[in-house]
Each structure stands twice: as structure tokens, then as C-alpha cells.
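Fold and geometry: a report
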Amino acid sequence: MKIKLPDNVKMILDRLHEAGFEAYAVGGCVRDSILGRIPGDWDITTNALPQDTKKLFKRTIDTGIEHGTVTIMVGKEGYEVTTYRIDGKYEDSRHPSEVTFTKNLTEDMKRRDFTINAMAYNDEEGIIDRFGGMEDIEKGLIRCVGNPKERFSEDALRIMRAVRFAAQLNYSIEDETQNAISELADTLKNISAERIQTELVKLLLSDHPERLMTAYELGITKVILPEFDRCMETPQNNPHHMYNVGEHIMKSVQNVRSDRILRLTMLMHDMGKPATMSIDSDGISHFKGHAEVGVSMAKEIFKRLKFDRDTMDRTCNLIRYHDDRFPATPRNVRRAMNRIGDDFPRFIEVRYADTLAQSELYREEKLKLIDDTNSIYKEILAKKEPIYIKDLAVNGKDLMGAGVSQGKAIGTVLKAMLEDVLDNPEHNSKDYLLEPERLKSFLEGSE
């Protein structure tokens, strides 16, 4: 099989070959090329030592020279070139205690995680596949190179990578690899929150986010997201539902497009249900206040997994309002837009995903309400009706010119004016808002 190498990669391989060294594109870029995907980056492996590599290229960066990695800069693009190596004993479920360089490509390949990532390529020799990677691609299988317990003991994050690759490629996980994951899942506690977060998000954004269920079944979520396990143990004995909380969550994640904020929102939108469940005299389950409890839980999860503040704030905002229902009238929609903010379009998507993951009871009516709300939202945008204080026809300078004293009163009057125009957008004019008697009423209402 012929792989089309980018010009810069071919140049690096050719220069190493001309200097008498072996060199190959290796790992994920080979896998993706075989699958017809565009690789995100191209890694190169060689028997040249780092100092030999550095002599051959003008611009290099010692990105991981203690592990044999040098980054070659070509223009603004960087390409990692790593010397064949054998890793010593792993003492922290992540880093080898020592690295030994080797001249043998097979020895280097033995330390890689999965067979589909343990293939190399150059134009002269074609695909080098010594562990059955091509066969596993044909079978749709995630299988460790060699002993899976050894591979996962070397780097516990590989446990999550196995499930993530299964989700991205829609592959199965080989039995022995799966058994090793179950046995060693607890070692994920040794992995940094940032690395866990990265793998979790990649899994959620894949075409098969429901593979989080595999992570649950293998004991992974018990370590990294125990809140989800509690959801899987919480039934929803309610005519509006047909799944337990965890199953409903997974269905809702599947029902929403692959967007970081949306997928995280659906993952966490009902996390507050186990803590708020009550059962009435008819045996019906209720979850009053679960959205607000869910916000608090989501904040803890985001902090624990070291997410950025913007992701946390936007997702928690959608969790807070995910269960908001209101008649589809222009007034109600304007007020909801004001309340929910710029992510109102995502709120519509959240409502769809949530509804489609419930029972069929009143489903058509529920979806029609969402459609009507969305139509009114678009009309409001088209008419450029005021939603926020910045949309008002007057500002603080106008109020001071009309005699309103500087300070807190300005903000309070503007809020009172916004309350008026949210209900009556036609009132949004300077003449109306600054009319002396009306301005007086705004001032009195703010006192």
C-alpha cells in the first residue's frame, strides 16, 4: 500500500536516508492514512541518535531529547523525530525510569500501545507491520501490542485511550485487552487530571460518544467520573422517562451534535438527579431542584478535571436552564434569551436532545413547543428586538444628560427600562424612555 507523504515529511525521511540512517513515518499518522483520514500530525522514528538528527537540520528544538525526541522545524511546522528506544521500568503509571536507545525498529515498536498504532512507513519499504495492525484494522479491533497488562502498567492513560479509539473508529476492544482494563482501571488515579480531561473530551466528541458506557462497564468512570456511576444506578420511575438516569444521559449525548459545550452539557445535565430523587405516594419519581444541584456538581467535576473557566461557565449556564419550559410567546422567548444569554441557540439544541431521550409521552407536543420557540427566536433576531441593556436606545450618558445622578442609579434605571422593553420592544426609543414622567417612574421604581 502506498501512502502519500507530505512534502516536508518526505524531505526529512530522505535526508535521514541519505545520511545512512533508517527513518519512517510512524504511529497514528500511518493508521489514519490507511483509514483514509487526514493525519493531525506526522511523527517520525529513526535509528539516528538525537545529536545525529540535529546535525542534519538547521532548525531543531530539544522537545524531549532525554527520551530521544527532537522537533524539526520546517517553516512554521514542527515534526517530532524520535530515536528507536526501549523504555525502562515504569514507576508512576506514566514515565519510564530510563530510556535506552536501540538500533532495532521492532524493539521500538514493542513499547507502543496498540497494534493499529505500531506500524511504520516509508516509500522504499512500504508499510512495516510486525504486530498485526493491518489485520486488526480489517477486524475493527483495539488490541494491545504484546501483554496488555504490561502496556497499561507502563502508562495507565492507555486504558482511556483504548476506549477513546474504540469510540472514534467504532472498533471493538479485544477480550484480553478488555480484561486488563477492568483489572487495572483503578491505576487511572495516578494520571493527571489534564490528561484524563483530554481523553474524555475526545471520546465525547467522537462519532460514538455512547462508548462511555464501555468505560462504565470496565470500571473506568468509577475512577474518573463516579457521578456517572451513581446516575447509572438511579431509576426514573416517571411516565416521561423510559431509561434510568445514566442511560438517559447517554441517549441525550448521542442526540446532540459534536460540539464541546453541548456534549459536556448533555453529559452533566442530569447529574443532580440521584441527590434530589423523591418518590410520591403513587411510586412516581421526582427530581425537584436537580438542575441547580447539577450545576454545583458540574463545577466540582470541571475543577477536578482542570477544565478552563469559559467551558465551565457556559456549560453550567446551560445545565441551570436545561429544564426551562415556557409558552412559546415573543415575550417569554425574549425573557429567556435575556436570562440564558448568547448560548440560547445551544439551549434549543439541549432541549431537543433531552426530549428525544425521554419517553414518547407528549413527545410531539414537546418538540412542537421547541420548534415554535426557535421560530420566534429567529424572528426576534431578524427584527433586532432589544434583549440586553446594550440594546437599549439610551445609555448612561443619555440618563446623566436627562438629570439622573451618576452612580448606582444609572444601572438601576437601565435595568428598569430593559424590563419595560422586554415586554414591549416598541418602547425602545429615546423619546419614549426619556419622557420626563416616564423617566421619573423608572427612577421611583428603582428606589
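Note that the coordinates shown come from a computational prediction; the quantities given were computed from them, not determined experimentally. (Residues numbered from 1 in each chain as written. Predicted model: local features only at pLDDT ≥ 70, side-chain atom pairs only at ≥ 80, totals over all residues. Heavy atoms only, no water.)

1. Points about the packing of aromatic side chains
- Within the structure shown, the criterion is met by seven aromatic pairs.
- Ring centres of F326 and F347 lie 6.4 Å apart, and the angle between their planes is 15°; this geometry places the pair in the stacked category. One end of the pair, F326, is in the loop between α17 (309–321) and α18 (330–340); the other, F347, is in helix α19 (residues 344–356), with 21 residues separating them in the sequence. In this pair, the class of F326 matches that of F347, namely buried.
- Chaining the aromatic ring pairs together yields one cluster made of F326, F344, F347 and Y377.
- Here the guanidinium or amino end of R164 rests over the ring plane of F165, the centre of that ring lying 4.4 Å away.
- When the ring centre of Y432 is taken as reference, the NZ or CZ atom of R438 above it lies at 3.6 Å. (Phe/Tyr/Trp six-rings, centres within 6.5 Å; stacked < 30°, edge-to-face > 60°. Helix = DSSP H or I, 4+ residues; strand = E, 2+ residues; numbered from the N terminus. Buried < 20%, exposed > 50% of the residue type's maximum accessible area, 1.4 Å probe, protein only. Lys NZ or Arg CZ within 6 Å of the ring centre and 35° of its normal.)

2. Examining the pattern of salt bridges
- Enumeration over the complete set of coordinates arrives at 40 salt bridges.
- Across the pair K110 and E107 runs a salt bridge, and its minimum N-O distance is 3.1 Å. With K110 and E107 both in helix α4 (residues 105–110) and three residues apart, this pair spans about one turn of that helix.
- When its relative accessible area of 28% is taken as the criterion, E107 is described as partly exposed.
- For the salt bridge of R335 with E419, the shortest nitrogen-to-oxygen distance reads 2.9 Å. Taken together, the residues R335 in helix α18 and E419 in helix α22 (residues 408–423) connect sequence positions 84 residues apart. (Salt bridge = Lys/Arg side-chain N within 4 Å of Asp/Glu carboxyl O.)

3. Things to note about unusual backbone geometry
- Despite not being glycine, K306 shows a phi value in the positive range, around 60°.
- K306 sits in the partly exposed class, given a relative accessible area of 48%.
- Of note, Y362 is a non-glycine position whose phi angle comes to about 60°, a positive value.
- As for its placement among the helices and strands, Y362 is situated in the loop between α19 and α20 (363–383).

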